[in-house]
Amino acid sequence: MTSYNPKDWIRFIFFISKADTIRKLFPIMVLIGIYSGIIGYLELVYWHLPENSYVKNISVMHSMLGFVISLLLAYRTNTAYDRWWEGRKMWGALVNSSRNLALKLSAILTTESDRSFFRKIIPGYASILQKHLDDSDTAKQLFDDVDLEINHHKHKPNQLAKMLFQKVNDLYVTKKITGDQLIIINNELQSFTDICGACERIKNTPIPYSYSAFIKKFIFIYVLTLPFAYVFILGYYVIPVVVFIFYVLASLELIAEEIEDPFGSDANDLPTKKISENIKKHVEEII
């Protein structure tokens, strides 16, 4: 995750970071500029279209559709941010569950071998979950056109959760913990799997294809029709204007694409590796 000062306007305006969308959009922005220049030349020089040409009235369409495209992009961005924020809440819950489990076990356990086991496995679950969510195959589990090899042992978070449950059950069988203590510990252990399932739901359930494809086509067609109408008003200045409009609209879609999957390695994704490292440090301090 990129660290920044939200009050540093100068840096935001004049510095281009690796997360800035202009890096990804620059090639197509150049093509849009060339396209706008060609349309301007054809209408003003080659075809000599008059000022009262019906082509000029295409701007009426842009006025009507501008509200629609703003609503679509606002909904798209809000939906993507909700997924990002829910992912952050799940990892915050994992931090709390790990700490609570460590605190309870620290007070209950007296044997060093048992304490050493949980000191290693509790933060290990967070680390394994981070790698599991970063795996590209995790995002393909619900796709009809992808045939993944089924091997339940590859789901490593489940394997660690199983080890934790097995160890706690052994402690109960050997009378090292009471039934009441088992119930208290079980709530924290169960939350691990609940958090894993919630993160997997975000990871392998993308925005519906038809919706995402429609927005991209809408933006592309909207921008391609802009020069036809506004070249009469702006002349060749239509080139930077159309390029800037494309940059704004396409950037909103790119930002939404990046944050809708918060468990990757993009600049704006969640720092799950750093969070798992903090869990390891905190658990080792407690137990």
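This text gives an overview of the structure that appears in the document. (Residues numbered from 1 in each chain as written. Predicted model: local features only at pLDDT ≥ 70, side-chain atom pairs only at ≥ 80, totals over all residues. Heavy atoms only, no water.)

A few words on the overall build of the protein. Of the regular secondary structure elements, the protein holds nine helices and zero strands. Counted from the first residue to the last, the protein has its helices and strands arranged as α-α-α-α-α-α-α-α-α. The long-range share in the protein, meaning contacts at least 24 apart out of those at least 6 apart in sequence, stands at 82%. With an accessible surface of roughly 17,000 Å², the protein has 62% of that area assigned to carbon and sulfur atoms. (Helix = DSSP H or I, 4+ residues; strand = E, 2+ residues; numbered from the N terminus. Contact = heavy atoms within 4.5 Å. Areas by Shrake-Rupley, 256 points an atom, 1.4 Å probe, with all protein chains shown as cover.)

What follows deals with the state of the cysteines. Enumeration over the complete set of coordinates arrives at zero disulfides. The thiol of Cys196 is not disulfide-bonded; the next cysteine sulfur, from Cys199, is found 7.0 Å away. Cys199 sits in the buried class, given a relative accessible area of 0%. (Disulfide = S-S within 2.5 Å. Buried < 20%, exposed > 50% of the residue type's maximum accessible area, 1.4 Å probe, protein only.)

Here we take up a nonpolar patch on the surface. The grouping of Phe26, Ile28, Val30, Leu31, Ile34, Ile38 and Phe220 at the surface amounts to a nonpolar patch, some 630 Å² of accessible area in total. The dominant element in the nonpolar patch, judged by the number of residues it contributes, is helix H2 (residues 22-46), at six residues. Here Phe220 is to be found in helix H7 (residues 209-234). (Patch = residues over 30% accessible without salt bridge, like charges linked within 9 Å, V, L, I, M, F, W, Y side chains within 5 Å. Salt bridge = Lys/Arg side-chain N within 4 Å of Asp/Glu carboxyl O.)

Further remarks concern the pattern of salt bridges. Once their charged atoms are close, side chains differing in charge can pair, the charge on each being opposite to the other. Scanning the model with the defined rule gives eleven salt bridges in all. Among the ionic pairs, Glu112 bridges to Arg119, the shortest N-O distance being 3.2 Å. When its relative accessible area of 48% is taken as the criterion, Glu112 is described as partly exposed. Owing to a relative accessible area of 22%, Arg119 belongs among the partly exposed residues under this scheme. What you see here is one network of salt bridges that share partners, running through Arg76, Lys216, Glu253, Glu257 and Glu260.

Here the focus is helix H5 (residues 156-173). End to end, H5 covers 26 Å across 18 residues, agreeing with the expected 26 Å (1.5 Å per residue, within 8%). Of the positions making up H5, those classed as buried are Pro157, Leu160, Ala161, Leu164, Val168 and Leu171. Summarising the axial view, the buried residues of H5 lie within an arc of 100 degrees, below the 170-degree limit, and thus occupy one face. Relative to its buried face, H5 has exposed residues pointing more than 90 degrees away, namely Lys162 and Val173. Two residues or fewer past H5, Lys175 is found with a positive phi of approximately 70 degrees. (Expected span 1.5 Å × (residues − 1). Arc of directions from axis to C-beta.)

Once that is clear, we can look at the nonpolar core. Ranked by size, the top nonpolar core spans 40 residues in total, and within it Trp91, Leu94, Phe118, Ile122, Tyr125 and Ile185 carry the most contacts. Counting only elements with at least two residues in this core, the list comes to helix H3 (59-108), helix H4 (112-134), H5, helix H6 (179-203), helix H8 (238-259) and helix H9 (272-286). The element contributing the most residues to this core is H3, with ten residues. Judged by nonpolar contacts, the second largest core, of 21 residues, contains Leu25, Val238, Leu249 and Ala250. (Core = buried A, V, L, I, M, F, W, Y, C linked by side-chain atoms within 4.5 Å.)

Orientation of H4 relative to H9, taken along the N-to-C sense of each, is 170 degrees, at an axis distance of 8 Å. Looking at the two axes, H4 sits roughly antiparallel to H9. Along its contact with H4, which presents Arg115, Phe118, Arg119, Ile122, Pro123, Ala126, Ser127 and Gln130, the element H9 presents Thr272, Lys273, Ser276, Ile279, Lys280, Val283, Glu284 and Ile286. Residue composition of the contact of H4 with H9, by class: seven nonpolar, four polar and five charged. (Axes fitted to C-alpha atoms, helices over the stretch in contact; angles between N-to-C directions. Parallel < 35°, antiparallel > 145°, perpendicular 65-115°, else oblique. Nonpolar A, V, L, I, M, F, W, Y, C, P; charged D, E, K, R; others polar.)

What follows covers the packing of aromatic side chains. Summed over all chains, the structure comprises eight aromatic pairs. Plain terms: the ring middles of Tyr75 and Tyr211 are 5.8 Å apart, the flat faces sit at 80 degrees to each other, and that makes the pair edge-to-face. Placement of Tyr75 in helix H3 and of Tyr211 in helix H7 is noted, with a sequence separation of 136 residues between them. Summarising the aromatic geometry, the rings of Tyr125 and Phe192 are spaced 5.1 Å apart at their centres and angled 25 degrees between planes, so their arrangement reads as stacked. Placement of the pair is Tyr125 in helix H4 and Phe192 in helix H6, with a sequence separation of 67 residues. For the pair Tyr125 and Phe192, one class covers both residues: buried. Among the aromatic side chains, those forming a connected cluster through ring pairs are Tyr81, Trp84 and Trp85. (Phe/Tyr/Trp six-rings, centres within 6.5 Å; stacked < 30°, edge-to-face > 60°.)

Despite not being glycine, Lys175 has its phi angle at roughly 70 degrees, a positive value. With respect to the helices, strands and loops of the structure, Lys175 is situated in the loop between H5 and H6. A relative accessible area of 71% places Lys175 in the exposed class.

Let us look at the side chain of Thr21. Structurally, Thr21 is set in the loop between helix H1 (9-14) and H2. Beyond its immediate chain neighbours, meaning those up to four positions away, Thr21 contacts Tyr247, Ser251, Leu254 and Ile255.

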